[in-house]
Number of protein chains: 2
Amino acid sequence: MNVVLLSGGSGQRLWPLSNSIRSKQFIKMFSNEEGELESMLTRVYRQIMEADPGASVTIATSRKQVSVIKNQLGDKVHVCVEPKRRDTFPAICLAAAYLHDRQGVGEDSAVVVCPVDPYVEDSYFQALKELARMAEAGDANLSLLGIEPTYASEKYGYIIPASPDRVSRVSTFQEKPDAATAEQYIARGALWNGGVFAFRLGYLLRRAHELLSFTDYQDLYTRYGDLEKISFDYAVVEQEKEIQVLRYNGGWKDLGTWNTFTEAMAGNVLGRAVLNETCENTHVVNELNVPILCMGCKNLVVAASSDGILVSDKEQSSYIKPFVEQMEQQIMYAEKSWGSFTVLDVQEESLTIKIVLLPGHGLHYHSHDLRDEVWTVMSGTGRAVIDGAERTVKPGDVISMPAGCRHTVFADSELKLIEVQLGKDITVEDKHKHEL
Amino acid sequence: MNVVLLSGGSGQRLWPLSNSIRSKQFIKMFSNEEGELESMLTRVYRQIMEADPGASVTIATSRKQVSVIKNQLGDKVHVCVEPKRRDTFPAICLAAAYLHDRQGVGEDSAVVVCPVDPYVEDSYFQALKELARMAEAGDANLSLLGIEPTYASEKYGYIIPASPDRVSRVSTFQEKPDAATAEQYIARGALWNGGVFAFRLGYLLRRAHELLSFTDYQDLYTRYGDLEKISFDYAVVEQEKEIQVLRYNGGWKDLGTWNTFTEAMAGNVLGRAVLNETCENTHVVNELNVPILCMGCKNLVVAASSDGILVSDKEQSSYIKPFVEQMEQQIMYAEKSWGSFTVLDVQEESLTIKIVLLPGHGLHYHSHDLRDEVWTVMSGTGRAVIDGAERTVKPGDVISMPAGCRHTVFADSELKLIEVQLGKDITVEDKHKHEL
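Source: prediction; values computed, not measured.

Parameters at a glance
Residues numbered from 1 in each chain as written. Chains lettered and ligands numbered in written order. Predicted model: local features only at pLDDT ≥ 70, side-chain atom pairs only at ≥ 80, totals over all residues. Heavy atoms only, no water. Buried < 20%, exposed > 50% of the residue type's maximum accessible area, 1.4 Å probe, protein only. Helix = DSSP H or I, 4+ residues; strand = E, 2+ residues; numbered from the N terminus. Arc of directions from axis to C-beta. Contact = heavy atoms within 4.5 Å. Patch = residues over 30% accessible without salt bridge, like charges linked within 9 Å, V, L, I, M, F, W, Y side chains within 5 Å. Areas by Shrake-Rupley, 256 points an atom, 1.4 Å probe, with all protein chains shown as cover. Salt bridge = Lys/Arg side-chain N within 4 Å of Asp/Glu carboxyl O. Lys, Arg positive; Asp, Glu negative; His and termini not counted. Charge placed at Lys NZ, Arg CZ, Asp CG, Glu CD. Least-squares fit on C-alpha atoms with pLDDT ≥ 70 in both. Pairing = 2+ DSSP bridges. Buried area = accessible area lost by both parts, 1.4 Å probe. Polar contact = N/O pair within 3.5 Å; in protein donor to acceptor, adjacent residues only side chain to side chain. Expected span 1.5 Å × (residues − 1).

Engineer: An account of helix α2 (residues 66–73) of chain B is needed here, citing residue identities and associated values.
Structural biologist: All names here are of chain B. By the burial criterion, the buried members of α2 are V68, I69, N71, Q72 and L73. Buried residues of α2, viewed axially, fall in a sector of 165 degrees; they line one side. Looking at the buried side of α2, the elements it contacts are α1 (40–51), β4 (56–62), β5 (78–82), β20 (333–336) and β21 (339–347). Positive backbone phi, approximately 60 degrees, marks G74, located one or two places after α2.

Engineer: Quick rundown of a negative patch on the surface? Include the residues and the values.
Structural biologist: A cluster of acidic side chains, namely E33, E34, E36, E121 and D122 of chain A, defines a negative patch on the protein surface. Here D122 of chain A is to be found in the loop between β7 (118–120) and α4 (123–137).

Engineer: Explain the relation of the copies chain A and chain B to me, and be specific about the residues and the numbers.
Structural biologist: When chain A is fitted onto chain B, the two copies agree to an RMSD of 0.1 Å after a turn of 179 degrees and an axial shift of 0.1 Å. Such a combination of turn and shift is consistent with a two-fold rotation axis. By C-alpha distance to the rotation axis, the residue of chain A lying nearest is L344 of chain A, at 2.9 Å. A share of 100% of the interface residues of chain A reappears at the interface of chain B, consistent with the copies meeting face to face through the same patch.

Engineer: Can you lay out the pattern of salt bridges for me, pointing to particular residues and giving the numbers?
Structural biologist: As a working rule, side chains carrying opposite charge can pair if their charged atoms are close by. Residues and elements named next belong to chain A. This structure, assessed with the given rule, holds 37 salt bridges over all chains. When the shortest N-O distance is used, the salt bridge between K70 and D75 registers 3.4 Å. For D75, a relative accessible area of 69% corresponds to the exposed category. Connected via shared salt-bridge partners are E38, R46 and E50.

Engineer: Let's hear about the sheet that holds strand β17 (residues 292–295) of chain A: which residues, and what values?
Structural biologist: The strand order β15(A)-β17(A)-β19(B)-β18(B)-β16(B)-β14(B) describes an open sheet built from six strands, whose pairing is mixed. Looking along the sheet, the strands with just one partner apiece sit at the ends: β15 (273–275) of chain A together with β14 (269–270) of chain B. Bridge analysis of β14 of chain B against strand β16 (residues 283–286) of chain B gives two bridges, and the strand direction is parallel. From the neighbouring strand, V269 of chain B faces β16 of chain B, where its bridge partner is V284 of chain B.

Engineer: Break down the interface of chain A and chain B for me, citing the residues and quoting the values.
Structural biologist: In this assembly, 51 residues from chain A lie in contact with 51 residues from chain B. Around 4,100 Å² of area is buried between chain A and chain B when both sides are counted, 68% of it from carbon and sulfur atoms. Of all residues in chain A, the largest losses of buried area upon contact with chain B belong to L293, M295 and I309 of chain A, amounting jointly to 17% of the total for that side. In this structure, the salt-bridge partner of D345 of chain B is K354 of chain A, at a minimum N-O distance of 2.7 Å. Our count for the contact surface shared by chain A and chain B stands at 18 residue pairs in polar contact (both at pLDDT 80 or more). At the level of elements, β17, β18 (300–305), β19 (308–313), β21 (339–347), β22 (350–357), β24 (372–379), β27 (398–401) and β29 (415–422) of chain A are the ones that each hand at least two residues to the side of chain A that touches chain B.

Engineer: Please set out the environment of E419 of chain A residue by residue, giving values where relevant.
Structural biologist: Residues and elements named next belong to chain A. Take E419: it is sitting in strand β29. Note: C-alpha distance between E419 and W338 (81 residues apart in sequence) is 16 Å. Non-local contacts of E419, meaning those with residues more than four positions away in its chain, are made with L351, T352, I353, I355, E373, V374 and W375. Only 2.7 Å separates the side chain of E419 from the side chain of W375, close enough to count as a polar contact. At a separation of 2.7 Å, a polar atom in the side chain of E419 contacts the side chain of Q421.

Engineer: How would you explain helix α1 (residues 40–51) of chain A if you had to name every residue and give the values?
Structural biologist: Residues and elements named next belong to chain A. The end-to-end C-alpha separation of α1 is 16 Å, in line with the 16 Å expected for twelve residues at 1.5 Å each. Burial runs high along α1: nine of the twelve residues are buried. Where α1 is concerned, the buried positions are M40, L41, T42, R43, V44, Y45, Q47, I48 and A51.

Engineer: Break down unusual backbone geometry for me, citing the residues and quoting the values.
Structural biologist: All names here are of chain A. Across the junction of W15 and P16, the peptide omega takes the value 5 degrees, indicating a cis bond. Here P16 is to be found in the loop between β1 (2–7) and β2 (30–31). Phi angles above zero are rare outside glycine, and D87 is one such case at about 30 degrees. Locating D87 in the fold gives a position in the loop between β5 (78–82) and α3 (88–101). Under the relative-accessibility criterion, D87 is labelled partly exposed at 40%. Despite not being glycine, N281 shows a phi value in the positive range, around 45 degrees. Note that N281 resides in the loop between β15 and β16 (283–286). By relative accessible area, N281 is classed as partly exposed at 44%.

This is the structure we're talking about:
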């Protein structure tokens, strides 16, 4: 099965664990059976591969998420990078062209497009496989997944099927209704629209060529910035007569807010925390190295990361977005393709950072105009290149790099460094990449 | 006026702002009229000096508090150090001998002994002056301060005066009663025992020599570890017939728990924090550099420091002690006589620390057996001495100190360093001091 996972999101709703470069799907929140922490991304990837060991997974995403995807999944997935953000229709067209031109997927093959962040049971992925088979059989141009509603939600779009059968033609689509209207839809057998689309690749490419002017993947990539922002639902689904829907009645959760996110946690605590016996319905996620003590907390979510600390009533937590937008906050922690960095200390004219390089990875070869840097190696071994000269590095080694000096370091074993940046104007923009 | 401030306390009740080396009296929690932050210690010292610019203040304390007292008050106060912890009677005897032998205070001079942490109005210090005059006049051997009760507290001892006059002989003392008994005491005109004692120095020295075997201050200091733990109330006050009490009816608060401490805060927030409009009766104290966001919090105290994070219902916060005792936590921040240190990062075989040296101050000249250290200078200027060789230091300078190397650094202007410690066994015990 060919699966395209749509990975977007700004991550403000799950602040401080998510931020502008770390969306919710990358937060390691769930324990797998081995007790290791999984993110939504790695969880969904594992579930797909368990359902279909031969599945080919492509992640359609923006440039700024590539590093963290590589960090979490390495080269196990294809990554189709949107040069700019343009809603779901252009993104799915680009992914379709990528599958055809770069991966050699045939026009008769089925493709299943799915959000990257559903919190679902394994049976969901069996349903995706069935959807792929339905698409390949060609009974309809589009095959959708309809989630059996568990309550009259105002948050989702509804699919009204033509019949109550497990697989049915779609009668109509309805936008997010109010609760009373949702009740009426559900009484008529309506399903939540889970944002899953399956089709033959050739079908989608034809629709793409009808609506957009391009020759192939590379051409579409080049023109991408000029494309109109338009959703797949609006451009394709609502224009299509030949649509069928498959009912899914397994567990399905949209973990978009702290309130729903905490419901999916394995226990009440992730990280170092103690809750006394008078706490009720309180969840703590602590990414810091210091303990959190909660006493007499009721219906609270407490989350702490290098970016900040949230203490919120669970109901209230859904109103977080404007408050996070007001906080102009430097990124304090980020996962990169080569490892991660954590800002440890911020001074007026210096910044102290912990850098962790994964074995076999290195930084870009780069220089800065306006700051000096000093590396102190804490652990691991590797090789640094300083103005063209290579040297090995080991714990206790110190490397001073004045402004203008070209430098990089590669990890042989996991390499941990303290980097002290010194200068009057320390910015992420002050960075020149060089060929090594 | 000679004032002896008794400074003790383990600081568990105000965790994470206080810890085993940082008691509540050292937390900078209050704004003075200039908008600068004050601790209880610096606030009480300021209030004493405003009431009596000629006052001589001696702080009776344990060895581990000396650094932070010097950090906050420099050489403006005398510090009488107890070699071990031995309750209030030995501590007050040692302070009395110190005043007599080291400060040359005469036996007819009055001494006022007072806790370091009352949160009080300026009128309290006028009362202390009056108490000193009463003691010097010699109408009684002991002069106490009685606080007019504002409710039937079970937390305080009670003084029953012989008359309702402003100054009265004491009829009896009563231990902490239950609320009903407290009501009866108050109906009889009882006062809270504020822990303030005034006496002529000669009186106290006579009582000390009667009860303890010693010649002078130095002798008492040497024998101190062998003394019995006994309170001043038990050893002196309860044996004395000639006691008078002065009524004080100004503001007086015992800020021993988060619940009472937050009542004394100037506003709801100290440090970086945002409370949304649905928060009620919630106080935040944030010593970290990242923001705290509170939403829909009711009756909570939120406190964050390098040592940890507390989120507690205010009522519940008084039960904090056993939870803090369970947390075996490395000290992450400490004020020292020379400045402060903050632990930034802890790895298995390395520790990264930020060191701030105050101008004119330096570290002890020392070495470590089991760890290497690297300093990177972030800001300021000074002089380092490494194995006897002096060199100047400026921002960007790096100094590597292998195990065994003797080293120190002095600040000419405020000096900020990053220190990376490297080794398998990094402990505070691995430190040898040397003569420079």
